[in-house]
Amino acid sequence: MTTATSKIYAFAIVPTAGMYTSGDDVRVARLSNDLDAARKVARELTGSYRRSMSCYGGSSGGYRVIAWGQAGRTISGYALDRTADAK
């Protein structure tokens, strides 16, 4: 019998505050083990999101990178509100 294991990633790209509420389970947009690559993806996703929202009057929302180090792809909005950006 084999058991499936989830790969653990060091960083997660997540939406910024205002794109979710504290009561939400927030899905991670992307996972990465490279901080610079994760930051690049976060900038690209932010640009894409803002361009797509421009027809609705714009948005200040976007994406950021946090330290992850766990299995799974969701985090509670409450915990995300209290999680600092990865350094």
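Coordinates for the structure precede this section.
Residues numbered from 1 in each chain as written. Predicted model: local features only at pLDDT ≥ 70, side-chain atom pairs only at ≥ 80, totals over all residues. Heavy atoms only, no water.

J.: Whenever I open this one, the overall build of the chain confuses me. Can you help?
T.: Each helix and strand counted, the chain has two helices and five strands in total. Taken from N to C terminus, the helices and strands of the chain fall in the order β-β-β-α-β-β-α. Along the longest, intermediate and shortest principal axes, the C-alpha atoms of the chain span 55 × 30 × 25 Å. Looking at the chain as a whole, 30% of its 87 residues qualify as buried. Partitioning the intrachain contacts of the chain with sequence separation of at least 6 by distance along the chain shows that 61% fall at a separation of at least 24. Here the chain has roughly 5,600 Å² of accessible surface; of this, 50% comes from carbon and sulfur atoms. Here the chain contributes 12 positively and 7 negatively charged side chains, and the mean placements of these two sets differ by 4 Å. (Helix = DSSP H or I, 4+ residues; strand = E, 2+ residues; numbered from the N terminus. Buried < 20%, exposed > 50% of the residue type's maximum accessible area, 1.4 Å probe, protein only. Contact = heavy atoms within 4.5 Å. Areas by Shrake-Rupley, 256 points an atom, 1.4 Å probe, with all protein chains shown as cover. Lys, Arg positive; Asp, Glu negative; His and termini not counted. Charge placed at Lys NZ, Arg CZ, Asp CG, Glu CD.)

J.: Any chance you could explain a positive patch on the surface here in plain terms?
T.: A cluster of basic residues, Arg39, Lys40, Arg43 and Lys87, forms a positive patch on the protein surface. Within the element layout of this structure, Arg39 appears in helix α1 (residues 35-53). Under the relative-accessibility criterion, Arg39 is labelled partly exposed at 31%. (Patch = residues over 30% accessible without salt bridge, like charges linked within 9 Å, V, L, I, M, F, W, Y side chains within 5 Å. Salt bridge = Lys/Arg side-chain N within 4 Å of Asp/Glu carboxyl O.)

J.: In this structure, what is going on with the side chain of Thr46? I would like to understand it.
T.: By the element assignment, Thr46 lies in helix α1. Dropping the residues within four chain positions of it, Thr46 is found in contact with Gly61, Gly62 and Tyr63.

J.: What should I look at first to understand the nonpolar core in this one?
T.: Side chains of nonpolar character tend, in soluble globular proteins, to be buried together. Counting residues in hydrophobic clusters, the biggest one holds ten residues: Ala12, Val14, Tyr20, Val26, Val28, Leu31, Ile66, Trp68, Ile75 and Leu80. Counting residues per element, the ones that place at least two in this core are β1 (9-15) and β4 (63-70). Discounting residues that sit within four places of it in the chain, Ala12 has contacts with Val28, Arg30, Leu31, Arg64, Val65, Ile66 and Trp68. (Core = buried A, V, L, I, M, F, W, Y, C linked by side-chain atoms within 4.5 Å.)

J.: Quick question: what am I supposed to make of the packing of aromatic side chains here?
T.: Each aromatic ring pair is characterised by the separation of its centres together with the angle its planes make. Taken as a whole and assessed by the stated rule, the structure comprises zero aromatic pairs. Against the face of Tyr78 rests Arg82, its NZ or CZ located 3.7 Å from the ring centre. (Phe/Tyr/Trp six-rings, centres within 6.5 Å; stacked < 30°, edge-to-face > 60°. Lys NZ or Arg CZ within 6 Å of the ring centre and 35° of its normal.)

J.: Can you help me understand the pairing of β1 in this one?
T.: Put simply, side chains in a regular strand alternate between the two faces of the sheet. Across the seven residues of β1, five count as buried, placing the element largely inside the fold. In this structure, β1 lies alongside β4, joined through six bridges in antiparallel fashion. Paired with Phe11 across the two strands is Ala67, which belongs to β4. For β1 and strand β3 (residues 30-32), the ladder comprises three bridges, and the chain directions are antiparallel. Each bridged residue has a counterpart across the sheet, and for Ala12 the counterpart in β3 is Leu31. (Pairing = 2+ DSSP bridges.)

Honestly, that's just the spatial picture; any functional story needs more than this.
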